[in-house]
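As a plain string of letters, each chain reads:
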Amino acid sequence: MSSFSISPGTTLGAVLKTPPIEPLEARILLGHALQLSRVQLITQSERSLTADEANVVSSLFQRRLNGEPIAYIVGEREFYGLPFYTTPDVLIPRPETELLVELTLERLPQGGRVLDMGTGSGAIAIAIAHARPDVSITALDASTAALQVAQRNATRHGARVSFVRSNWFESLPPERFDVIVSNPPYIVQNDPHLAQGDLRFEPADALTDHADGLSALRTIIRGAPDYLAPGAWLLMEHGYDQAPAVRDLLAKDGFHAVQSWQDLAGIERASGGHR
Ligand code: GLN
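Everything quoted here is computed from the prediction, not taken from an experiment.

**Q** Can you explain the overall build of the protein chain? Please cite residues and give values.
**A** Within the protein chain, the secondary structure is distributed over 11 helices and nine strands. Considered along the principal axes of its C-alpha atoms, the protein chain spans approximately 65 × 40 × 35 Å. When the 275 residues of the protein chain are sorted by exposure, 50% land in the buried category. Working note: accessible area of the protein chain is about 12900 Å², and carbon and sulfur atoms make up 50% of it. Distance from the positive charge centre (23 side chains) to the negative charge centre (32 side chains) of the protein chain: 2 Å.

And the structure:
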């Protein structure tokens, strides 16, 4: 399905004047196609597109019109101030998840050990490694394709992270960590949001547990004590309405100082406790 097309000879200014998509997204895609910065797009607004360029830009706009997320079209997304390669094999890093990075950094002792469960693009693990070269970080995922993206991101940022393919704790060798952090799939199966917007294009296994939304969180909470050092923290992201349930699970499994933290939108977005 292709219907949108820009004529060769159209100026950059004209393309951006009445784009078929959000103006900000049009600037991102045009800049991506022509390898031009935001400022260059303005200073070169009289420049006209060649036939090839018009084709490329038309097809990028058409992909966006078809609903494809910007992060997958341009192949990256910024998280915690760093650009991360982002493919349809991984969840698109979200700003609210930066909360987990901050909570982890606040609790990490010098030379500490971190485990990131369900690392996806590697955003959480790599952001931590980048901020704290003294700590050692293990990041696991059940998806080989996701781990390949995460490894590329680690290389890109010179981050030392040990990647392990494991379905939660199943294949993880015994080791003790000072912080276990996770942004697991927590959307309830058949939640209508899964059929809307960017989520339609993201890996379902990264979004939903295909159950009540709490099953991955439960698995992590049950398994974590065997992998936590004395006093160590477990920190998890969860859905906007799951904080009470997650606190309850943590308290029942013997965690202390159980609490939740709000994201920038004021939503209880992460919960945790320590041993
Ligand atoms: N925060 C994501 C969303 O609601 C879901 C990510 C996840 O399941 N971990 O779109």
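The structure having been displayed, the exposition proceeds.
**Q** Which residues make up the packing of aromatic side chains, and what are the values?
**A** Under the definition given, this model contains four aromatic pairs. With a centroid separation of 6.2 Å and 70 degrees between ring planes, the pair formed by F79 and F84 is classed as edge-to-face. Classification of F79 by relative accessible area gives buried; the value is 1%. Its relative accessible area of 0% is what places F84 among the buried residues. Note that R152 overlies the ring of Y85, its terminal NZ or CZ placed 4.1 Å from the centroid.

**Q** For the site of the ligand, give the residues involved together with the corresponding values.
**A** Surveying the vicinity of the ligand reveals the residues L91, R94, E96, N183, P184, P185, Y186, I187, L199, A206, L207 and E237. One nitrogen or oxygen atom from the side chain of R94 is found 3.2 Å from an oxygen atom belonging to the ligand. Within the contact set of the ligand, a nitrogen atom lies 2.7 Å away from a backbone nitrogen or oxygen of P184. Burial of the ligand by the protein amounts to 87% of the accessible area it has alone, namely 300 Å². Taken together, the residues that form the shell around the ligand break down as eight nonpolar, one polar and three charged.

**Q** Give me the pairing of strand β7 (residues 228–237): which residues, what numbers.
**A** For β7, the tally of buried residues reaches eight of 10 residues, placing the bulk of the element in the interior. Pairing of strand β6 (residues 177–182) with β7, which is carried by five bridges, proceeds in the parallel orientation. Residue pairing in the sheet places V179 in a bridge with W233 of β7. Summarising the sheet, β7 and strand β9 (residues 268–274) pair through five bridges and their orientation is antiparallel. When the sheet's bridge partners are listed, M236 is paired in β9 with S271.

**Q** So what about the pattern of salt bridges? Which residues, and what values?
**A** This model, assessed by the stated rule, comprises 13 salt bridges. Its salt-bridge partner being R64, residue E25 comes within 2.8 Å of it at the nearest N-O pair. Taken together, the positions of E25 in helix α2 (residues 23–34) and R64 in helix α4 (residues 51–65) put the pair 39 residues apart, joining distant regions of the chain. Between D178 and R113 there is a salt bridge; the shortest N-O distance is 3.2 Å. Of this pair, D178 sits in strand β6 while R113 is found in strand β3 (residues 113–117), placing the two residues 65 residues apart along the sequence. With relative accessibility at 15%, the residue D178 sits in the buried group.

**Q** An account of the sheet that holds β9 is needed here, citing residue identities and associated values.
**A** Picture the strands of a sheet paired through backbone hydrogen bonds; they go either parallel or antiparallel. Spatially, β5-β4-β3-β6-β7-β9-β8 is the arrangement adopted by the seven strands of the open sheet, whose pairing is mixed. Since the sheet does not close on itself, it has two edges, and those belong to β5 (161–165) and β8 (256–262), each with one partner. Taken pair by pair, the neighbouring strands of this sheet meet at an average axis angle of 15 degrees, ignoring direction. Here β3 runs beside strand β4 (residues 136–141); their pairing, made up of five bridges, is parallel. Following the sheet pairing, M117 is matched in β4 by L140. Packing of helix α8 (residues 144–156) onto the sheet brings it into contact with β4 and β5, and relative to β5 it is tilted by some 175 degrees. Packed on one face of the sheet, helix α11 (residues 243–252) meets β7, β8 and β9 and runs near 10 degrees to β9.

**Q** Explain unusual backbone geometry residue by residue, including any values.
**A** We note that Y80 has phi near 50 degrees; this positive angle belongs to a residue other than glycine. Relative to the helices and strands, Y80 resides in the loop between β1 (76–79) and β2 (82–85). For Y80, a relative accessible area of 26% translates into the label partly exposed. One non-glycine residue, W168, lies in positive phi territory at about 50 degrees. Turning to its location among the elements, W168 is positioned in the loop between β5 and β6.

Definitions and limits used
Residue positions are given per chain, counting from 1 as you read along its sequence in written order. Per-residue local features of the predicted model are confined to residues with pLDDT of at least 70, and side-chain atom pairs are confined, for both listing and counting, to 80 or more; whole-chain, interface and lining totals are unaffected and use all residues. By convention in this description, side-chain values take in all heavy atoms of the structure and omit both hydrogens and water. The helix and strand labels rest on DSSP assignments: H or I over at least four residues marks a helix, E over at least two residues marks a strand, and numbering proceeds from the N terminus. Exposed residues in this analysis have more than 50% of their type's maximum accessible area, buried residues have under 20%, and partly exposed residues fall in between, with area computed by a 1.4 Å probe over protein chains only. Values of accessible area rely on a 1.4 Å probe in the Shrake-Rupley scheme; residue burial ignores everything except the protein chains shown. Counted charges follow a simple rule, with Lys and Arg positive, Asp and Glu negative, and His plus the chain ends left uncounted. Positions of charges follow a simple convention, taking NZ of Lys, CZ of Arg, CG of Asp or CD of Glu. Stacked, tilted and edge-to-face are the three classes applied to pairs of Phe, Tyr and Trp rings, where Trp contributes its six-membered ring and a pair requires centres within 6.5 Å; stacked means planes under 30 degrees apart, edge-to-face means over 60, and tilted covers the rest. Cation placement over rings: the criterion is NZ of Lys or CZ of Arg within 6 Å of the ring centroid and within 35° of the ring normal. Being near a molecule or strand, for a residue, means having at least one of its heavy atoms within 4 Å of it. Polar contact is the term for a pair of N or O atoms within 3.5 Å; when the atoms are in protein, one must be able to donate a hydrogen and the other to accept it, and sequence-neighboring residues count only if both atoms are side-chain atoms. The classification used treats Ala, Val, Leu, Ile, Met, Phe, Trp, Tyr, Cys and Pro as nonpolar, Asp, Glu, Lys and Arg as charged, and all other residues, Gly among them, as polar. We treat two strands as partners when DSSP finds at least two bridges between them. By salt bridge we mean one thing: a side-chain nitrogen of Lys or Arg within 4 Å of a carboxyl oxygen of Asp or Glu. To obtain each axis, a line is fitted to C-alpha atoms, and for helices this fit is confined to the stretch in contact; angles are then taken between N-to-C directions over 0 to 180 degrees. Any two residues having at least one pair of non-hydrogen atoms within 4.5 Å are treated as being in contact.

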